[in-house]
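Given next are the chains, with one letter for each unit.
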Amino acid sequence: MNTTATSHNGVKIAFLGTGLMGAPMARRLLGAGFTVTVWNRDGNKARPLAEDGAMLAATAAEAAKDASVLITMLTDGNAVGDVLFAQGVAAALEEGATIIDMSSIAPAFAREHAQKLAQSGIRHIDAPVSGGVAGAAAGTLAIMAGGEADVVAELADVFAPMGRVTHVGPSGAGQLAKLANQQIVAVTIGAIAEAMVLVEAGGGNREAFRDAIRGGFCESRILELHGKRMIDRDFEPGGASRNQLKDLKAVLATARDLSLTLPLTEAVSAEFTDFVDNGGGETDHSALLVHLENKNGGRGAKS
């Protein structure tokens, strides 16, 4: 199999991890004229991309061969480290290649990976994203990049089909920004869910309540999108609760390293822990509403 992936401008791209987020991101690159080699641990998730013009690789290392840019969109830091080092991706890349890790992992993992790759002359950018599946499909992701500013600028054409990239600081800073983003998302989801429980328990209408506060100080993308999910009770995962909990745990671990106390984050993390432990891990993180309803005797319960 020929796994060389060449874009219209000579950049050779490999994309590892074609799940809920990775597949539409890879499609955006293909649609922009790049030729992309894809790999996923479960090959069935990569195979549909062949219809969009992607080349399929049987292994991660095979995808990496001859790539000048390699993008990872994997579950966590351990998965990224395993693919890069245990599965031979780093060894398959040539000196001067760039790895863009768009997974959401702990900042310490990102810094460790960057240092290890630098020993082989491989450049590393940690560039996690926010915007969910809808943003990935539309190419409107917020991309937070940590690493060398000139490398991020050099790769502007690669980032552009996927969203808006902002260089936020040195290695690991992208992941730190993403953790802070997820911290805000989780606390806001919890606040909106609690407010909806309160309104309905008091005899109000959730949909009318959401409409009433739109445009005021509470307006946000979370109220717009996740609030609507709560009203429609549409909890198909755009962002799975188990991944939200993973990110919250990473936030709290980072806070401990920095000698910080984050009581709001601790509280919402405890609720997500209970929700995931009781089977909610594969539902959208907006389904925290259901967990809070159950804690209060079921939907619409009155004390």
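Source: prediction; values computed, not measured. (Residues numbered from 1 in each chain as written. Predicted model: local features only at pLDDT ≥ 70, side-chain atom pairs only at ≥ 80, totals over all residues. Heavy atoms only, no water.)

Moving on, we come to the nonpolar core. Membership of the largest hydrophobic core comes to 32 residues, with the highest contact counts inside it found for Met25, Ile71, Met102, Val158 and Phe159. At the level of elements, β1 (13-16), α1 (22-31), β2 (36-39), β4 (69-72), β8 (141-146), α8 (149-154) and α9 (156-159) are the ones that each hand at least two residues to this core. Ranked by residues supplied to this core, first place goes to α1 with four residues. Setting aside residues up to four positions removed in sequence, Ile71 forms contacts with Ile13, Ala14, Phe15, Leu16, Leu29, Ile100, Met102, Val158 and Met162. (Core = buried A, V, L, I, M, F, W, Y, C linked by side-chain atoms within 4.5 Å. Buried < 20%, exposed > 50% of the residue type's maximum accessible area, 1.4 Å probe, protein only. Helix = DSSP H or I, 4+ residues; strand = E, 2+ residues; numbered from the N terminus. Contact = heavy atoms within 4.5 Å.)

Here we come to the confidence of the model for the protein. Residue-level pLDDT values for the protein average 94, and 96% of them are 70 or greater. In the model, residues 1-8 has pLDDT below 50 throughout and makes 32 contacts with residues more than four positions away in sequence or in other chains. (pLDDT = per-residue confidence, 0-100.)

Glancing now at the pattern of salt bridges. Any two side chains of opposite charge can pair, on the condition that their charged atoms come close. Scanning the model with the defined rule gives 13 salt bridges in all. One salt bridge in this structure joins Glu224 and Arg221, with 3.2 Å as the shortest N-O distance. With Glu224 and Arg221 both in helix α12 (residues 221-232), this residue pair falls three residues apart, about one helical turn. Given a relative accessible area of 27%, Glu224 falls into the partly exposed group. One salt bridge connects Asp232 with Lys228, and the closest N-O pair in it is separated by 2.6 Å. Of the two residues, Asp232 and Lys228 are both situated in helix α12; the distance of four residues between them amounts to about one turn of the helix. Among the charged side chains, a salt-bridge network with shared partners connects Glu200, Arg206, Arg233 and Glu293. (Salt bridge = Lys/Arg side-chain N within 4 Å of Asp/Glu carboxyl O.)

Side chains Val36 and Val38 of β2 all project onto a buried face; the interleaved residues Thr37 and Trp39 project onto the opposite face, where all are buried too. When β1 meets β2, the two strands line up parallel, connected through four bridges. Of the residues in β2, the one forming a bridge with Ala14 is Thr37. As a crossover connection, the stretch from β1 through α1 into β2 is right-handed. The sheet contact formed by β2 and strand β3 (residues 55-56) spans two bridges and is parallel. What sits directly across from Val38, in β3, is Leu56. (Pairing = 2+ DSSP bridges. Right-handed = clockwise from strand over helix to strand, strands pointing away.)

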